[in-house]
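# Commentary on secondary and tertiary structure
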Amino acid sequence: MKWTDMIAMSLSSLFKRKVRTLLTVAGVVIGTCAIVVMLSFGIGIKKTTDETVQSMGDLTVIQIENYNSSPDAEPLNDAMLERIRALPGVQTLTPMFDADFSAFQIRSGKYVYGGSVTGVYMDALSEFGYEVEEGKLPEGTVEEGAVLFGRDALYNFYNSKKNNNNMIYPEPDATGKIPDPYVNPMKDKLELVLQKTDENNKKTVKPVKLKALGILAQDWSKSPSPGYSVFMDVKYVRALTEQYNKLNNIKVDKSKKFQYSSVVVKALDIKSVEPVQDAIKALGFQTYSMDSMRESMEAQTRTIQMILGGLGAISLLVAALGITNTMIMSIYERTREIGVMKVLGCVIGNIRTMFLIEAGMIGFIGGVAGIAISYLLSFLLNTLAANGGGVMGLGGAGGQISIIPAWLALGALVFSTMVGLVSGFSPANRAVKISALTAIRQE
């Protein structure tokens with residue numbers, strides 16, 4: 001018997017019993033639709049989670065906080081930083097040294113900067129993804145007095161000749177225009193002046209000329225955020241701090257070795273984050289990264305996907321039982337037909353194949369219809385979420401909570417067809433075992 005003949009006979013059998021076939025196919029449609037839509041929720045949740053984590057910061061950045069380090073850990077100083085830099089998987093790093101707010105002032109004429117200064121490795125900023133609106137990021141060794149301003153940090157300049165609060169804020173006025181800050185570091189002269197804690201202090205220190213290299217672009221995913229930051233070379237900031245202590249006769253406990261309170265490490269890629277973190281923890285330091293948060297959130301997402309997929313699979317299992325029942329009933333009704341085919345010399349394998357094709361078609365047709373309905377439901381759900389309504393507490397304005405990739409649709413179609421074939425396997429074997437003589441006598 002040719003394949004075309006077997007397919008034609010299978011289709012003819014299905015269309016002869018339209019109502020029963022339709023009900024059986026409906027079961028597969030519901031099961032397929034349930035699996036696809038449920039898994040699409042899981043994929044949508046995962047995508048939303050990944051986008052949320054990525055918007056919060058670079059996944060390859062590791063933060064070392066020294067306040068909770070092991071008592072046995074060596075000091076987090078420059079020598080330790082070089083050990084960390086040499087670890088496999090580390091691309092670059094920088095300490096973050098916040099200078100004493102009252103140690104020195106940055107001035108431009110009568111205007112004084114009223115914010116803090118952070119010491120970093122200036123040549124590492126480009127590798128961490130910092131960008132500038134004006135000027136350029138430093139490359140290699142920078143000269144003393146080189147400084148980078150955040151755009152919003154410029155509004156921390158105030159007029160030192162006035163007693164009242166005369167700072168300008170980066171907020172639009174009545175016309176919608178944001179006022180310019182008092183100082184443009186790319187054009188105006190800047191100097192740094194060490195502060196005295198005692199007015200009677202006769203020591204004098206010559207102001208240091210500063211050179212602005214650029215104005216940083218805002219990026220809230222960075223730590224520290226460049227918007228309100230002023231960066232200088234960490235070694236120079238430490239040297240200024242020592243000069244400030246000497247100027248004001250401030251005694252420093254030399255028995256305590258200097259160490260940084262915070263260091264930021266950038267791994268080569270996401271795969272390197274975990275081994276780098278483990279290596280740093282082995283040195284006795286506590287670490288934190290957005291990748292750690294991503295892993296825990298992905299674990300939760302996988303659990304949600306398994307639960308949702310399991311609920312859909314239950315529906316398809318019920319559909320499989322319906323296919324089995326339909327095929328068994330079909331065999332009972334066509335016993336005489338099976339006997340005639342055997343008497344006429346039809347190959348037993350062809351009889352089995354014909355019933356398997358029939359069962360597989362039920363699964364295939366149900367799968368196609370189920371996928372089509374799934375795409376329609378996904379569109380409706382995403383439209384509702386995009387309009388700000390949200391669904392099941394998920395999504396929101398512009399959110400996409402249901403995503404059906406091509407692999408999911410194709411996999412669901414293959415799975416539903418396989419369910420049909422597996423469900424029809426036992427009835428097909430029963431059909432070929434029927435005795436030809438007994439089948440012919442069957443009314």
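Up top is the structure these notes are about.
Described in the following lines is the structure provided in the data block. Source: prediction; values computed, not measured.

## Structural notes on the overall build of the chain
Helix and strand content of the chain: 10 helices and 14 strands. Considering the chain as a whole, with its 443 residues, one finds that 47% of them fall into the buried category. At a minimum sequence separation of 6, the contacts of the chain that also span at least 24 residues come to 79%. In the structure as shown, the chain presents an accessible area of about 23,900 Å², 59% of it carried by carbon and sulfur atoms.

## What about the sheet that holds strand S13 (residues 262-267)?
Sheet architecture is open: 4 strands sit in the order S2-S13-S1-S14, paired in antiparallel fashion. Since the sheet does not close on itself, it has two edges, and those belong to strand S2 (90-95) and strand S14 (286-289), each with one partner. Taken pair by pair, the neighbouring strands of this sheet meet at an average axis angle of 25°, ignoring direction. Judged from the 4 bridges that link them, strand S1 (residues 61-65) and S14 form a sheet pairing that is antiparallel. Its bridge partner lying in S14, Ile62 is registered against Ser289. Here helix H5 (residues 270-282) sits on the sheet and contacts S1, S2, S13 and S14; the angle it forms with S14, its principal contact strand, is near 160°.

## Here we look at unusual backbone geometry
Keep in mind that most residues, glycine aside, have a negative phi and that most peptide bonds are trans. A positive phi angle is found at Asn249, which is not glycine, with a value near 55°. Counting through the fold element by element, Asn249 comes out in the loop between helix H4 (234-247) and S13. Judged by relative accessible area, which is 54%, Asn249 ranks as exposed.

## A few points about the nonpolar core
In terms of nonpolar packing, the biggest core is built from 63 residues, with Ile84, Ile106, Phe149, Phe157, Met232 and Val265 touching the most fellow members. The element best represented in this core is H4, accounting for 6 residues. Discounting residues that sit within four places of it in the chain, Phe149 has contacts with Ile106, Leu154, Phe157, Pro185, Leu190, Ala212, Gly214, Ile215, Leu216, Ser229 and Val230.

## Re the environment of Val419
As for its placement among the helices and strands, Val419 is situated in helix H9 (residues 406-432). Residues Val419 and Thr324, 95 residues apart in the sequence, show an inter-C-alpha distance of 9.9 Å. Residues in contact with Val419, not counting those within four places in the same chain, are Leu316 and Ala320.

## Some words on the packing of aromatic side chains
Under the criterion given, the structure shown has 7 aromatic pairs. Ring centres 6.2 Å apart and planes at 85° place the aromatic pair Tyr113 and Phe149 in the edge-to-face group. Here Tyr113, found in strand S5 (residues 111-113), pairs with Phe149, found in strand S8 (residues 146-150); they are 36 residues apart in sequence, far enough to count as distant. We note that Tyr113, like Phe149, is buried. Measuring from centroid to centroid gives 5.7 Å for Tyr130 and Phe231, while their planes differ by 85°, and the two rings are edge-to-face.

## A word on H5
Looking at H5, one finds that the buried residues are Ser272, Val273, Val276, Gln277 and Ile280. When H5 is viewed along its axis, its buried side chains cluster within an angular range of 135° and face the same direction. Within H5, the exposed residues directed more than 90 degrees away from the buried face are Lys271 and Ala282. A distance of 3.2 Å separates the backbone nitrogen of Lys271 from a side-chain oxygen at the start of H5, and that oxygen is part of Asp269. Gly284 sits one or two residues past H5 and shows a positive phi near 100°.

## With respect to a nonpolar patch on the surface
A grouping of Ile373, Leu376, Leu377, Phe379 and Leu380 is seen on the molecular surface, where their side chains present a nonpolar patch of about 470 Å² in accessible area. Inspection of the secondary structure puts Ile373 in helix H8 (residues 348-386).

## Topic: the pairing of strand S11 (residues 208-216)
When strand S7 (residues 132-135) meets S11, the two strands line up antiparallel, connected through 3 bridges. From the neighbouring strand, Gly135 faces S11, where its bridge partner is Gly214. Judged from the 5 bridges that link them, S8 and S11 form a sheet pairing that is parallel. Opposite Leu148, over in S11, you have Gly214 as the bridge partner.

## Things to note about the environment of Asp291
Within the secondary structure, Asp291 sits in helix H6 (residues 290-333). In the structure, Asp291 is positioned 231 residues away from Thr60 in sequence and 7.0 Å away in space, judged by C-alpha atoms. Every residue in contact with Asp291, bar those within four places of it in the chain, is listed here: Leu59, Ile270 and Val273.

Reading the values: the criteria
Residues numbered from 1 in each chain as written. Predicted model: local features only at pLDDT ≥ 70, side-chain atom pairs only at ≥ 80, totals over all residues. Heavy atoms only, no water. Helix = DSSP H or I, 4+ residues; strand = E, 2+ residues; numbered from the N terminus. Buried < 20%, exposed > 50% of the residue type's maximum accessible area, 1.4 Å probe, protein only. Contact = heavy atoms within 4.5 Å. Areas by Shrake-Rupley, 256 points an atom, 1.4 Å probe, with all protein chains shown as cover. Pairing = 2+ DSSP bridges. Axes fitted to C-alpha atoms, helices over the stretch in contact; angles between N-to-C directions. Core = buried A, V, L, I, M, F, W, Y, C linked by side-chain atoms within 4.5 Å. Phe/Tyr/Trp six-rings, centres within 6.5 Å; stacked < 30°, edge-to-face > 60°. Arc of directions from axis to C-beta. Polar contact = N/O pair within 3.5 Å; in protein donor to acceptor, adjacent residues only side chain to side chain. Patch = residues over 30% accessible without salt bridge, like charges linked within 9 Å, V, L, I, M, F, W, Y side chains within 5 Å. Salt bridge = Lys/Arg side-chain N within 4 Å of Asp/Glu carboxyl O.

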